[in-house]
Amino acid sequence: MKDELILQNIKESLINIEEEKCMNLMQDALDDGFLPVEIIEEGLSPGMLSVGEQFEDGAVFLPQVMMVAALMEKCVAFLNDNMPESEASKIHGIVVIGTVEGDVHDIGKNIVKVLLNVNGFEVHDVGRDALLSKFIEKAKEVDADIIASSALMTGTMEAMGDLESEIKAAGIHDRVKTMVGGAPVTQYWADKIGADAYAENAGEAVKLVSDMVK
Ligand code: HCB
């Protein structure tokens, strides 16, 4: 039977950087029937955000945030390997994804990538701190349907607007739609820069991308 307490324990073991415990709990959660996406959205992400809040309050310092982030990355990679096959063989669309230049935050971007992958999208990741030209070049190369960008800092959100301009300048705006996301990004910002969609979380990102490629 599914015991919600296990998600709380996963959250706490991430916050406390207890790697072995966290990995074992994730395996237990999978064995209990939790989906990898539930473990990410209801266990790991709240844990990472809690550490972010503690960092903002000065209760923890950057090295600790970096260690939690490193464990979070390992956890997402582990869950990625345990994603159900679902419709993976059927390609629903092609997405280019990346974190914009100047910004190294990629945990959220990687979660979106994993969920798009498992929902049957071919995803090309241009990485983090990615030059805007890399998004454009990759989109042209793979004939992408969607360019999805991520930004976690108010200063780097500007680059999302520049990306919209570069997509237009490259003459591919009529065949590529854009999605933006990341903690400081809002629907207001998406509208302001002319992005086609804003996703608050990875589940919504999959839904929006699915709608846009229909
Ligand atoms: Co970092 N950092 N950080 N950081 N960091 C933030 C983002 C601050 C808000 C913390 C703070 O000061 N309050 C802050 C930014 C302030 C601001 O601009 N408003 C900040 C800062 C300042 C910095 C440095 C400058 C610190 C320093 O060096 N002094 C530096 C950045 C250097 C640079 O980028 N040039 C830095 C470094 C780091 C690390 C390396 C320690 C680590 C990142 C590790 C990594 O990503 N590989 C880190 C982390 C972990 C954070 C916090 C704590 C958590 C971010 C995170 O992973 N959230 C963050 C605090 C916070 O956000 N409250 C803090 C969890 C994920 C799951 O959420 O929002 O990324 P998400 O993704 C969601 C959602 O947004 C959506 O789906 C995801 C899943 O549901 N989504 C998309 C995301 N991208 C999408 C794209 C789409 O197209 C669609 C949907």
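If you're wondering where the values come from, they're calculated on a predicted model, not measured in any experiment.

With that settled, consider the coordination of the cobalt atom of the ligand. Geometrically, a metal with four donors at the corners of a regular tetrahedron has ideal angles of 109.5 degrees, and one with six donors at the corners of a regular octahedron has ideal angles of 90 or 180 degrees. The protein gives the cobalt atom of the ligand a lone donor atom, H105 (NE2), placed 2.2 Å from the metal. Tracing the sequence through the fold places H105 in the loop between strand 1 (93-99) and helix 5 (107-118).

Next up on the list: the site of the ligand. For the ligand, the set of nearby residues contains 37 residues, the closest of which are E56, V104, H105, D106 and S150. Between the ligand and E56, the relevant distance is 3.1 Å, taken from a nitrogen atom to a side-chain nitrogen or oxygen of the residue. In this structure, a nitrogen atom belonging to the ligand sits 2.8 Å away from a side-chain N or O atom of E73. Contributing elements (two or more residues each) for the shell around the ligand: helix 3 (36-56), helix 4 (62-81), helix 5, strand 3 (146-150) and strand 4 (177-181). Here the shell around the ligand gets seven residues from one element, more than from any other, and that element is helix 3. Classifying every residue of the shell around the ligand by side-chain character gives 19 nonpolar, eleven polar and seven charged. Residue assignment places the shell around the ligand across two domains, with domain 1 (5-87) and domain 2 (90-213) each supplying three or more.

According to the domain assignment, the protein consists of domain 1 (5-87) and domain 2 (90-213). Look at where the C-alpha atoms of domain 1 and domain 2 centre, and you get two points 24 Å apart. On the domain 2 side, the residues contacting the 15 residues of domain 1 number twelve residues. Across the domain 1/domain 2 interface, buried area totals approximately 1,000 Å², and carbon plus sulfur atoms make up 67% of it. On inspection of domain 1 and its partner domain 2, the count reaches zero salt bridges. Linking domain 1 to domain 2 there are zero residue pairs in polar contact (both at pLDDT 80 or more). Contributing elements (two or more residues each) for the side of domain 1 that touches domain 2: helix 3 and helix 4. For the side of domain 1 that touches domain 2, a count of residues per class yields eight nonpolar, three polar and four charged.

Calculation criteria
- Residues numbered from 1 in each chain as written.
- Predicted model: local features only at pLDDT ≥ 70, side-chain atom pairs only at ≥ 80, totals over all residues.
- Heavy atoms only, no water.
- Donors = N, O, S within 2.8 Å, 3.2 Å for Na, K, Ca; no water.
- Helix = DSSP H or I, 4+ residues; strand = E, 2+ residues; numbered from the N terminus.
- Near = heavy atom within 4 Å.
- Polar contact = N/O pair within 3.5 Å; in protein donor to acceptor, adjacent residues only side chain to side chain.
- Nonpolar A, V, L, I, M, F, W, Y, C, P; charged D, E, K, R; others polar.
- Domains from an automatic or database assignment.
- Contact = heavy atoms within 4.5 Å.
- Buried area = accessible area lost by both parts, 1.4 Å probe.
- Salt bridge = Lys/Arg side-chain N within 4 Å of Asp/Glu carboxyl O.

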